[in-house]
Every structure is written in structure tokens, then in C-alpha cells.
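Listed here are the chains, written in short residue letters.
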Amino acid sequence: MKKHTILITIFLITVIKTNAQELTCEDFKIGKFYIPQTQEISKYTIEVSDSIIEMTDKRDLSIKKWIVVREKNTQTEWKNGIGNGVPEHEVIEWIDDCTYRLTYDSSKMELSENKKWVNENKGIVVTKTKIENNCLYYKATMTTNEGQKISQNGIICKE
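So, here's what we can say about the structure. Quick caveat, the model's predicted, so the values are computed rather than measured. By convention here, each chain's residues receive numbers from 1 onward along its written sequence. Where local features are concerned, this predicted model is filtered to residues with pLDDT of at least 70; where side-chain atom pairs are given and counted, the filter is 80 or more; whole-chain, interface and lining totals use all residues. With hydrogens and water set aside, each side-chain value is computed from the structure's full complement of heavy atoms.

Concerning the environment of Glu88
Then, number 1: Each helix corresponds to a stretch of at least 4 residues labelled H or I by DSSP, and each strand to a stretch of at least 2 residues labelled E; elements are numbered beginning at the N terminus. Along the chain, Glu88 falls in strand β6 (residues 88-96).
Then, number 2: Between the C-alpha atoms of Glu88 and Tyr104, which are 16 residues apart in sequence, the distance is 7.7 Å.
Then, number 3: By definition in these notes, contact holds between two residues if any of their heavy atoms fall within 4.5 Å. Not counting chain neighbours up to four residues away, the residues in contact with Glu88 comprise Trp66, Gln75, Thr76, Glu77, Tyr104, Met109 and Lys115.
Then, number 4: Residues adjacent in sequence count toward polar contacts only when both atoms are side-chain atoms; beyond that, a polar contact is any pair of N or O atoms within 3.5 Å, and within protein one must be able to donate a hydrogen and the other to accept it. Only 3.2 Å separates the side chain of Glu88 from the side chain of Lys115, close enough to count as a polar contact.

Considering the state of the cysteines
Then, number 1: Any two cysteine sulfur atoms lying within 2.5 Å of each other are counted as a disulfide. In this structure the tally under the stated criterion is two disulfides.
Then, number 2: Here Cys25 connects covalently by a disulfide to Cys98, the sulfurs 1.9 Å from one another. Note on the Cys25 and Cys98 pair: the S-S dihedral is about 100 degrees, so by sign convention the disulfide is right-handed. Pair noted here: Cys25 is in the loop between α1 (2-19) and β1 (31-36) and Cys98 is in the loop between β6 and β7 (99-104), with a separation of 73 residues, a long-range link.
Then, number 3: Buried means the residue's accessible area, taken with a 1.4 Å probe over protein chains only, is under 20% of the maximum for its type, while exposed means over 50%, and partly exposed covers the values in between. Note on Cys25: relative accessible area 8%, which makes it buried.
Then, number 4: Residue Cys98 is classed as partly exposed on the basis of its relative accessible area of 26%.
Then, number 5: The disulfide partner of Cys135 is Cys157, and the S-S distance across this bridge is 2.0 Å. Its S-S torsion of approximately 105 degrees makes the covalent link between Cys135 and Cys157 right-handed.

Digging into the nonpolar core
Then, number 1: As used here, the term nonpolar core means buried Ala, Val, Leu, Ile, Met, Phe, Trp, Tyr and Cys residues forming a set that is joined through side-chain atoms within 4.5 Å. Membership of the largest hydrophobic core comes to 16 residues, with the highest contact counts inside it found for Phe28, Ile35, Leu136, Tyr138 and Ile156.
Then, number 2: Counting residues per element, the ones that place at least two in this core are β1, β4 (65-70), β7 and β9 (135-143).
Then, number 3: Residue contributions to this core peak at three residues, all from β9.
Then, number 4: Tyr104, Met109, Leu111 and Met142 belong to the second largest nonpolar core, which has six residues in total.

Examining the pairing of β4
Then, number 1: Bridge count for β1 against β4 is six bridges, and the pairing is antiparallel. Residue pairing across strands places Gly31 opposite Arg70, the latter belonging to β4.
Then, number 2: What makes two strands pair is DSSP finding at least two bridges between them. A loop of three residues connects β4 with strand β5 (residues 74-79), the two strands running antiparallel in sequence.

With respect to the pairing of β7
Then, number 1: Relative to β7, β6 runs antiparallel, the two sharing six bridges. Counterpart to Glu93 in the pairing with β7 is Arg101.
Then, number 2: Between β6 and the antiparallel strand that follows it, β7, lie two residues.
Then, number 3: Note: β7 against strand β8 (residues 124-132), four bridges, orientation antiparallel. For Arg101, the partnering residue across the bridge sits in β8 and is Val125.

Here it is as C-alpha cells:
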């Protein structure tokens, strides 16, 4: 009887594991996602020549998460929910299945000086570091025209 129970348990675990969906980068290309507001997202590094400086932005505590609606080559970001405030519109240029360049869409919104600066420096390159559960972890890096590298780690999750 014990052997029978053990065999059934092993069988069920195997069935559950083989039916569990392993997410890939493809699963994060189109759809509705959220970016949780974490302590890590406010940290970034700046590399200049051989030195690395770590910085931390002051977090806006009113933002709990960003909602991202992504289509093939565009995405719209909302603070704390769709329809809440003014969205940010971005253009996605896919480099490969897991890497893309993000710039702000000046045809859909007025760009602040910071967003203009990002675009003038060829945008932000987002690269997957890992996929875990329903979330993709990434590193976002911008290389300025002066050669500085500004990087930030982040996370985007499927709803």
C-alpha cells in the first residue's frame, strides 16, 4: 500500500511539473503587465571610466505599481492603474527575443527634459537577467553620448 501511495504521489508531481507553464521572453512581448514599486527599482549605478557610483532615488510612495500595456512595438505605462493620471508612451525596438531598446514616444505625449535626454542618448536597453514564476527580471542600461553607463535592475510581471 505504501509503494502504491508513493508511486501515485510521484506520478502526480510529474504531471504537475510537466503541465506547469515555463514562461519565456515571448510571454512578455504583448499583454498587460505590472512593475511593482520595490526598493531595488530606486537604486541605480553610474559607470564612468573605471569608477562605479551607486545612487538611490527618492521613491514616490504614492506609486504602488506601474501597469504596462504592451503591444508589438509600443507600450503604455500607468501609475497605479489604467486610467489613473497621464500615461507614459514608449516605443520598443526589439534587438532580439529578450532584449529591446526603449525610447519615449514624442508623437503621443509631451516629453519632459529628462525624457528628451533619454531619447537623445539613444534610449534604454533592457536585457533579461532571469524569469522566475510570472516575473521577468531585467537590467536596464543607458549609455550616454559621453560614455557613461547608467544601469538599474527591475522586474516586470504578468498579471
